[in-house]
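Spelled out from the first residue to the last, the chains are:
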Amino acid sequence: MTSGGLKIESYCFIRNNKVILNGELIFEDADAVSLKQIAKSVYRSIKPSYAKFFKMDDISKLGFLTAEVLLKDIDTESYDYEDVAIILSNSDSTLITDSNHQSTINDNDNFFPSPSVFVYTLPNIMIGEISIRHALKGENSFFIVENFNADIIVNHINKLFLTNKAKAAVGGWVNYSESGYDAFLYFASPQGETSHTPVEINKIYNKSL
Amino acid sequence: MIYFKSDNIVSPLGFSTKETTDLVLVGETGIKEIFDKDLYPEPFPASMIDEEKLETEFIKVATRYSSTKKFTKLEKMLIISVDDALSATDVDITSKRTAIILSTTKGNIDLLGNVYDYDKDRVSLWKLGEVIASFFSNPNTPVVISNACISGVLAINTAAMLIDSQQYDDVVVTGGDIVSRFVVSGFMSFLSLSTKPCKPFDANRDGLSLGEAAATIIMGNKPGNISPSLVFAGGSSANDANHISGPSRTGEGSYIAIQKAMDEAKINAKMIDHISAHGTATPYNDEMESIAIDRHGMTHVPVNSIKGNLGHTLGAAGIVESAILLEEMKRNILIDTTGYIEHGVSKPIAVIKESAKKELVNCLKMASGFGGSNAAMIISKIVE
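Worth saying up front: this structure is predicted, and the values here are computed from it rather than measured.

Brief notes about the domain arrangement of chain B
Residues and elements named next belong to chain B.
So, step 1. As assigned here, chain B comprises domain 1 (3-220) and domain 2 (233-377).
So, step 2. Domain 1 and domain 2 are separated by 21 Å when their C-alpha centres are compared.
So, step 3. Considering every element that reaches the side of domain 1 that touches domain 2, the biggest residue donor is helix α5 (residues 151-164), with eight residues.
So, step 4. Across the side of domain 1 that touches domain 2, the residue classes tally to 27 nonpolar, 23 polar and seven charged.

Remarks on the interface of chain B and chain A
So, step 1. Chain B puts 45 residues into the contact, and the matching count from chain A is 46 residues.
So, step 2. In terms of residue count, the dominant contributor to the side of chain B that touches chain A is helix α6 (residues 181-189) of chain B (six residues).
So, step 3. Taken together, the residues of the side of chain B that touches chain A break down into 19 nonpolar, 21 polar and five charged.
So, step 4. When strand β5 (residues 140-144) of chain A meets strand β5 (residues 143-145) of chain B, the two strands line up antiparallel, connected through two bridges. Within β5(B), the position partnered with A:F143 by the bridge is B:I145.

Things to note about the environment of B:I100
All names here are of chain B.
So, step 1. Mapping I100 onto the fold places it in strand β4 (residues 98-103).
So, step 2. Accessibility expressed as a C-beta count within 10 Å gives 24 for I100, which makes it buried.
So, step 3. Sequence separation between I100 and S305 is 205 residues, and the spatial gap between their C-alpha atoms is 27 Å.
So, step 4. Those residues in contact with I100, other than ones at most four positions away along the chain, are G129, I132, A133, N138, N140, P142, V172 and T174.

Re the packing of helix α1 (residues 17-25) of chain B against helix α10 (residues 317-331) of chain B
Angle between the axes and distance between the axes are the two parameters that describe a pair of packed helices.
Residues and elements named next belong to chain B.
So, step 1. Direction vectors running N to C along α1 and α10 enclose 80 degrees, while the axes themselves pass 10 Å from each other. In terms of their interaxial angle, α1 and α10 are classed as roughly perpendicular. Residues T17, T21 and V24 of α1 form the contact with α10, whose participating residues are A323, I324 and E327.

Here's the deal with the pairing of strand β16 (residues 373-381) of chain B
All names here are of chain B.
So, step 1. For β16, the tally of buried residues reaches nine of nine residues, placing the bulk of the element in the interior.
So, step 2. Every second residue of β16 is oriented toward a common face, with S373, A375, M377, I379 and K381 on one face and N374, A376, I378 and S380 on the other, all of them buried.
So, step 3. Pairing geometry for strand β9 (residues 230-239) and β16, over nine bridges, is antiparallel. Bridge pairing in β16 places L230 opposite K381.

Thoughts on the sheet that holds strand β7 (residues 210-211) of chain B
Residue and element names in this part refer to chain B.
So, step 1. Taken together, three strands build an open sheet; the order of strands is β2-β3-β7 and the sheet is mixed. With one partner strand each, in any of the chains shown, β2 (31-34) and β7 form the two edges of the open sheet.
So, step 2. Two elements, β2 and strand β3 (residues 44-47), share four bridges in a ladder whose sense is antiparallel. By the bridge assignment, I34 is partnered in β3 with F44.

A short note on the environment of A:Y43
Residue and element names in this part refer to chain A.
So, step 1. Within the secondary structure layout, Y43 lies in helix α1 (residues 35-46).
So, step 2. On a C-alpha basis, the gap between Y43 and K61 in space is 9.1 Å, while along the polypeptide they are 18 residues apart.
So, step 3. Apart from the residues lying within four places of it in its own chain, the contact partners of Y43 are P48, F53 and L65.

Topic: unusual backbone geometry
So, step 1. Cis geometry marks the peptide bond from B:S227 to B:P228, where omega comes out at -5 degrees.
So, step 2. Positionally, B:P228 belongs in the loop between β8 (213-220) and β9.
So, step 3. A positive phi angle, close to 65 degrees, is found at A:N164, a residue other than glycine.
So, step 4. Position of A:N164 among the secondary structure elements: in the loop between α6 (150-162) and β6 (168-177).
So, step 5. Taking the number of C-beta atoms within 10 Å as the measure of exposure, A:N164 has 11 and is therefore exposed.
So, step 6. A positive phi angle, near 80 degrees, is found at B:A281, a position not held by glycine.
So, step 7. Structurally, the position occupied by B:A281 is in the loop between β10 (274-276) and α8 (283-295).

Rules and cut-offs
Residues numbered from 1 in each chain as written. Chains lettered and ligands numbered in written order. Predicted model: local features only at pLDDT ≥ 70, side-chain atom pairs only at ≥ 80, totals over all residues. Domains from an automatic or database assignment. Helix = DSSP H or I, 4+ residues; strand = E, 2+ residues; numbered from the N terminus. Nonpolar A, V, L, I, M, F, W, Y, C, P; charged D, E, K, R; others polar. Contact = placed C-beta atoms within 7 Å. Pairing = 2+ DSSP bridges. Buried ≥ 20, exposed ≤ 12 C-beta atoms within 10 Å, placed from the backbone. Axes fitted to C-alpha atoms, helices over the stretch in contact; angles between N-to-C directions. Parallel < 35°, antiparallel > 145°, perpendicular 65-115°, else oblique.

In structure tokens form, the structure reads like this:
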């Protein structure tokens, strides 16, 4: 399938305690031993001053921070707000947050489900958080695949572009499970050098960091 | 052209689209008081599938496929649904040119913490897709969409994109969710469940009813056996960018999604004959939808919600309701909104009180959900 003119304008990782923007290390906290810790230190480093951040579950914090770094130097306001799509994916949905909710309801005699935990048991809440922060009202979709799958995300975004449903998009993968976390977001738009194709996205995603 | 070829609904009212629609049409509801301490410490109303009937029907399908494996309740519902939808088409699900899209919010979430009966990854949503694909010997990686309550409509929109870009000839869109302790306790904590069967758009509505269902819609690049043909004309999604657990007060995302779907379908609001709303019967959702409909100047267009019959079936909802909408279009009928008595939203939208005959050519499906998500889809009839 053709990319139809979309390019990879920018990309960002939060992986292995490092924040990497377009191949350059911009922050590292070598001592962080959990997603909670790395999220806290990245937040302190980039200082978004955004109170809603502290209400988010850990995987939404990860997606939010990755988008924060990715979009910092991108002029999303040059697009109409309904023209920027957010198309994300992962393998483990919100399984860690699901387990937190489950632990509040296991016992009928100690039953205390909380709406502020439950609302985060949907993977697309992260899309909502990024949409609110950056005032983006475009197309949304959250895909679940066993392993990172560039074809699904890239072809979906390119088709939105070709059918005039999006002029740019945030795409990528934000996963969090017992075995660790991994966030990779990119901005696809008519700006940039590299074509927005599955081959190019796989090349970027598979760079060892 | 992208054609709707076949469909199925597995619900408490029946295990086919026809059975379910026939009972929805006469105002039957699957919503009953449930007494089950494994689901919730106190009684609550919900629309639930009869386990004995499910088992009987599943054994028939499993025998035909010579399958002896163990499946969860949700997997059995999905397999029965896909099998029934396939039986009315010549679509070859074992072909590389046929994709499966699965729509679900929580999948096998009732297995969370259950380490005895299944492998640990059985609770994963991608695994649910794999189980269904493997049962039907589909060779492709299943596409799983989990995007709250708009998942079903998004799955149909995504199927259309895969066919239109010639990645596949046919797509089997299936979706399902069950009433689990996980979901009941969560919605209870939000105080968003009604104590009685829900009343969409009614003045006395006080929350939603949960339901469980599986549904399947098969789409393809060639006409099926439906005459006159029903085609996917346009679809879109949009975010409110406003709040993660409440809809926009201006219906912003829903308004945008409807506009983009109409643009793709190359029609305007005057050409819409009927709207199948999301209509959960929460105070905010129904009010928001009335505003989005009003902003498009469609207050005269007959609108319904079938949540009073089947409850909110989460990841299945968009597929269940689209299958019923297809059935309304085939029969040229408007189905009334069970539970709606006294108008209870601020805009004078035309909620259907009594079922009626009407020639239906262009119809709109709406959906909205947590995360500020909204989706819209337009089905058109090819009139010769």
